[in-house]
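# What the coordinates show
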Protein chains: 4
Amino acid sequence: MTGSAPLSVAVIGTGRIGARHAENLARFVPGARLAAVADVNLPAAAALAERLGTPRVSADYRELLADSAITAVVICTPTDTHARLIAEAAAAGKHIFCEKPIDFDLARTDQALAAAAQAGVTLQIGFNRRFDPHVRRLAAAVTAGEIGAPHLLRITSRDPAPPSLDYLRGSGGLFLDMAIHDFDLARHLLGEVVEAHATGAVLVDPAIGALGDIDTAVTVLRFASGALGTIDNSRRAVYGYDQRVEVFGAGGQVTTRNVEIDNVMVSDGRGRHAAKPLYFFLERYGEALVAELQAFVAAVQQGRPAPVSGADGRAAVVIGLAAKRSLAEGRPVRVAEIG
Amino acid sequence: MTGSAPLSVAVIGTGRIGARHAENLARFVPGARLAAVADVNLPAAAALAERLGTPRVSADYRELLADSAITAVVICTPTDTHARLIAEAAAAGKHIFCEKPIDFDLARTDQALAAAAQAGVTLQIGFNRRFDPHVRRLAAAVTAGEIGAPHLLRITSRDPAPPSLDYLRGSGGLFLDMAIHDFDLARHLLGEVVEAHATGAVLVDPAIGALGDIDTAVTVLRFASGALGTIDNSRRAVYGYDQRVEVFGAGGQVTTRNVEIDNVMVSDGRGRHAAKPLYFFLERYGEALVAELQAFVAAVQQGRPAPVSGADGRAAVVIGLAAKRSLAEGRPVRVAEIG
Amino acid sequence: MTGSAPLSVAVIGTGRIGARHAENLARFVPGARLAAVADVNLPAAAALAERLGTPRVSADYRELLADSAITAVVICTPTDTHARLIAEAAAAGKHIFCEKPIDFDLARTDQALAAAAQAGVTLQIGFNRRFDPHVRRLAAAVTAGEIGAPHLLRITSRDPAPPSLDYLRGSGGLFLDMAIHDFDLARHLLGEVVEAHATGAVLVDPAIGALGDIDTAVTVLRFASGALGTIDNSRRAVYGYDQRVEVFGAGGQVTTRNVEIDNVMVSDGRGRHAAKPLYFFLERYGEALVAELQAFVAAVQQGRPAPVSGADGRAAVVIGLAAKRSLAEGRPVRVAEIG
Amino acid sequence: MTGSAPLSVAVIGTGRIGARHAENLARFVPGARLAAVADVNLPAAAALAERLGTPRVSADYRELLADSAITAVVICTPTDTHARLIAEAAAAGKHIFCEKPIDFDLARTDQALAAAAQAGVTLQIGFNRRFDPHVRRLAAAVTAGEIGAPHLLRITSRDPAPPSLDYLRGSGGLFLDMAIHDFDLARHLLGEVVEAHATGAVLVDPAIGALGDIDTAVTVLRFASGALGTIDNSRRAVYGYDQRVEVFGAGGQVTTRNVEIDNVMVSDGRGRHAAKPLYFFLERYGEALVAELQAFVAAVQQGRPAPVSGADGRAAVVIGLAAKRSLAEGRPVRVAEIG
């Protein structure tokens, strides 16, 4: 990184995840400079800029796209704006880090990917779990053949509490909003998925069911390699964010465990007692959120491909759509049926 | 147990599991007396009787059924003889402990159950995992509401090595031979199963596939309560018998872990190293095998129902048949379709 | 073991540990036969004999020593009778398994050892922890050099509750009654001890202090090899029997953990909860109690030295006496000062 | 913290720990501003200042003490300069965070403390372990009475590799250089120490012995409360930094474990394998190093006492001197003998 000037990055959308990305760029990504933030909620953006010492703030991201001093953007706006912003940012020649998912619609997704490709800009999608140090070590073990050919993948992915019904209404449903991270992780670890079979239930909150969504799901995946995988999701684990991965293979098994608040154990007359897992993704994947931006900046500066490409972003949506159709039709759905 | 004379029990079939049951009756079941053993392989039966100090041995189980001094029998012969032996033992007025499964055929199963019912004898099926101390504690936690209403069940059930192809040929296939224990456990923990969807693969040994069987499977269950469950099976876990259970619910989660050979940890310049799980079921479920016989003997002596009934034995077979059909037809199968 | 007739063994003293040894001989030591039990409390001995199907019972152990059909005895009487019984049994030509300690007095101990040596009988002392499967694996790791030359040993040894004051009065004090097991284990793992420095306190029960005893202690050992060790003892760990060993060396560390009642983990809104350690030594060292008798019987039948010799029994007492003097005089005491 | 202007802090001494403190002040302590760095090695200081965007750099710390815009200093120079710098900084009216130990000499230590007291400045000593999140939770459990009255403390404290012989020559020896952290932690958790008994050995490297130092030690502490404690130290744990704490009490036990590089477990045909502990204190206590500076800045800004006072710094040295004398004289040494 020595020798490169720092990359000037603007963050568009300063909600929960946008604010975190902005802070990470300001503090933890030596190769980058947080040059500006934009949000339609200008006071929120301004307060963030103030806190981080960022020189520029705007209510209109187009001003930032027009600014030739800005080299890259991090898109953290609502999902239904992602595809359009990718296209506009690409047209403006900016490198792009975009939160997942690109879009629920494959045609719009393909247009965004084409725009980025045509402009020759780097496009990275925010699948942060790939950058978690525990997942990285697990992936390295799989790649190195420490467990032989993989036979079974198992991902446990349960949130501590459901989002608001308002949020859920526009979320695309459990598979596209929540399990999409797991679908990406599955591909990352075991390669392409050829079939999904989803089973769902409404057990956490009937109001979620009333929206036509589910809050509990089991998805079985079949990989091109012949391996099988299961993902189990719940919108509410009262003990905190439950994030575990197992890969079982011909030569053994490799697992990650949850990360707990602390490692203290109290033994008393009733038993042994220890802390809960970290509450949610901002806690659990805090390091991963930093690492994905560091990797993005390094890819741009070194002219290397993004470690999570637009095609990766699309592929996870395709699996999500397959799972959704599987649930609706009560049968396994081949990914090739979707697109 | 005080006051009762010990129950005179004969073991029919002295292969691997029969020999273990005989030894357990001789040593660890204070309310019972191992009165006789029978096997078509008379020398094997005789050697066992000699080792255990058992007074009577026979090549023909019918001699033992005719002996009025024998009150109960433990049936450990090949599966295709179970239904017939249950009927004959019931007709002779013997209480019956029979290894799983009763039969792959439901009509024959029903005949056996009817015979036992008509004779008024106790019939217990050998689903030993219910008696494992870890499973017992987990089941008690579920029953006591420690985790609230169950939402998701997960059973990991992987053998250390596949049986011989010869054995597999007559085994009824992975679902009826191996996963049947898991189906029983699922019912035991979360109640009736209404639907099964099975996905399978041949990843361990193509010769198993050549028999029309699979060696790797994921089965998704839906329970009458609305909860979902997944079972994952493999015929070969190189690190040993992998037997774990998780129940996730509205108020938390409860899990069992594997039991390892020892609890020693070595830390060195390369990492931390610990022992493998116990090799297979005779090691892992050694206590459970004793406890199920103790429970059988107590049920007989106290005139209480068997803790694992003939109906339980039938129900697990029904789920197994549903899983088998699901695999064949590539769709979820409702248990009610089977019988 | 094939070919040998079973060893006829009598148990003298049928209190808690004697009853357990008798039961283990009757059930779990294939090479032995429980030929007789003796206790001054004849009804207790008779009830035990009845329960185990033992043919012979006596209020006077001398009857058993006089019986030429009895080949070996297991001495489980109060400590102050051990030395005399060893001598008498040796004179009668019986092989001897004697509970620890031999005696608090070294002269009496030496007389007992001399009697056994002169008679040429096998004498084994009941230091069962050496036979615990976890300790065995740890000892094997040390011997195999998995952790290089040992530098530091740490033994945690805490009882769940203090014995009665009556028992304590004649117990010889914490070092000779309780820590003596730890002293033996220390020698077993790291070789000869050359110095002990003990620090003690009365924190559990002032009545123990009123007897002139302590209930909490830390003993630092120096080994002939140059390594150091610490043992920490408490008479009351409310969470159960705390029995852990660590050996740290030039190439790493090896540890044993406690064994818990079950391995179930409950996660809920307050944290993660698991079972306590097994309650006390009859639970925790159940397998070890069997294994030490199996080893004794094998040693007798094969004419090999006992795995825990009379000299081992004496050496642990010597360390205990050194610790006792160290506590009294507030200084490190060299083992050579004792004898 | 709202409303306060950020505290202008200078770091004096930019070696390993000074550079880390400077970086932490620049990035992670919102209430502070890294105003300047000083080091006799000006190029090193300048490079650090450049990297962190610090406006001012000097080869002479006196320039910074003379600068009225600087409110506080962090002293990270060699130990033999600490007492003098504290006095000078106090005279200049600066608040002071000083790395441990203050000085090996109690008279000089007392002069430094008096200077700070007279000037009315805040003085905090760098015992970072108190701020480790695991230790904090353990301390909170002790304070809250979760384990009742403490009876036994145990601290495991082993470095991954010895420092250079050059460093060791001026280090004050194992007790004042390394175990001093453990002595502070002991006081923090269980209160005042009244007696120390140290046992030492040279097992890691004879060259350390040739310096008159030891590399392996066991120290037994007696607390004013009556409780006992043991600390075991080694200069070389090949598996990494071994940092564990146990407090055992009338109502239970509380422990911290090591923090490992990752939580991945690989199971294969040889066993189960996991990562080593984090390598050394910069990794293991990274969060604690940030938290102690945050606490210092908050104490200054809110006019509250420093959470680790000069008196705390002195007390740890006193225990270290008692341990040193104990080792030399082969007897327990009362802390009151030292001062």
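Residues numbered from 1 in each chain as written. Chains lettered and ligands numbered in written order. Predicted model: local features only at pLDDT ≥ 70, side-chain atom pairs only at ≥ 80, totals over all residues. Heavy atoms only, no water.

Facing 13 residues of chain D, the contacting portion of chain B comprises 13 residues. For the pair chain D and chain B, the summed buried surface comes to about 1,100 Å²; carbon and sulfur atoms form 49% of the total. Considering only the surface of chain D that becomes buried against chain B, Arg272, Ala274 and Lys276 of chain D emerge as the three largest contributors, covering 43% of it. For the interface between chain D and chain B, the tally reads 2 salt bridges. For the pair chain D and chain B, the interface holds 7 residue pairs in polar contact (both at pLDDT 80 or more). Those elements that place two or more of their residues in the side of chain D that touches chain B are strand S13 (265-268) and strand S14 (271-274) of chain D. With 4 residues, S14 of chain D is the largest single contributor of residues to the side of chain D that touches chain B. Its residues placed into classes, the side of chain D that touches chain B shows 4 nonpolar, 4 polar and 5 charged. The pairing of strand S14 (residues 271-274) of chain B with S14 of chain D spans 3 bridges and is antiparallel. (Contact = heavy atoms within 4.5 Å. Buried area = accessible area lost by both parts, 1.4 Å probe. Salt bridge = Lys/Arg side-chain N within 4 Å of Asp/Glu carboxyl O. Polar contact = N/O pair within 3.5 Å; in protein donor to acceptor, adjacent residues only side chain to side chain. Helix = DSSP H or I, 4+ residues; strand = E, 2+ residues; numbered from the N terminus. Nonpolar A, V, L, I, M, F, W, Y, C, P; charged D, E, K, R; others polar. Pairing = 2+ DSSP bridges.)

This paragraph deals with the side chain of Arg235 of chain C. Relative to the elements of secondary structure, Arg235 of chain C occurs in the loop between strand S10 (228-234) and strand S11 (242-249). Setting aside chain neighbours within four positions, we find Arg235 of chain C in contact with Asp159, Pro160, Ala161, Pro162, Pro163, Leu168, Gly173, Leu174, Asp177, Met178 and Asp215 of chain C.

Moving on, we get to the sheet that holds strand S4 (residues 72-75) of chain D. The strands making up a sheet associate through backbone hydrogen bonding, with each pair oriented either parallel or antiparallel. Residue and element names in this part refer to chain D. The strand order across the open sheet formed by 6 strands is S3-S2-S1-S4-S5-S6, and the pairing between neighbours is parallel. The open sheet has two edge strands, strand S3 (56-58) and strand S6 (123-125), and neither has a second partner. Sheet twist, expressed as the average angle between the axes of neighbouring strands with direction ignored, equals 20°. Sheet topology places strand S1 (residues 7-12) next to strand S2 (residues 32-38); 6 bridges connect them, and they run parallel. By the bridge assignment for S2, Ser8 is matched with Arg33. (Axes fitted to C-alpha atoms, helices over the stretch in contact; angles between N-to-C directions.)

Okay, the relation of the copies chain D and chain C next. Here chain D sits on chain C after a turn of 180° about the axis and a move of 0.0 Å along it, with an RMSD of 0.0 Å. In the structure described here, the two chain copies are related by an operation that fits a two-fold rotation axis. Residue Arg331 of chain D, judged by its C-alpha, is the member of chain D lying nearest the rotation axis, at 2.7 Å. Both copies contact each other with a shared surface, as 100% of the interface residues of chain D are interface residues in chain C too. (Least-squares fit on C-alpha atoms with pLDDT ≥ 70 in both.)

This part is about the pattern of salt bridges. Side chains that carry opposite charge are capable of pairing whenever their charged atoms lie near each other. Under the counting rule described, the total for this entry stands at 125 salt bridges over all chains. For Glu23 of chain D, the salt bridge goes to Arg51 of chain D, with nearest N and O atoms at 3.7 Å. With Glu23 of chain D in helix H1 (residues 16-27) and Arg51 of chain D in helix H2 (residues 42-52), this residue pair connects regions lying 28 residues apart in the sequence. Linking Asp312 of chain D and Arg130 of chain D is a salt bridge whose minimum nitrogen-to-oxygen distance equals 3.8 Å. One end of the pair, Asp312 of chain D, is in helix H13 (residues 310-329); the other, Arg130 of chain D, is in the loop between S6 and helix H6 (133-143), with 182 residues separating them in the sequence. The residues Asp312 of chain D and Arg130 of chain D share a single accessibility class, namely buried. A single network of salt bridges, built from pairs that share partners, joins Arg154 and Glu246 of chain A together with Arg158, Asp232, Asp242 and Arg244 of chain B. (Buried < 20%, exposed > 50% of the residue type's maximum accessible area, 1.4 Å probe, protein only.)

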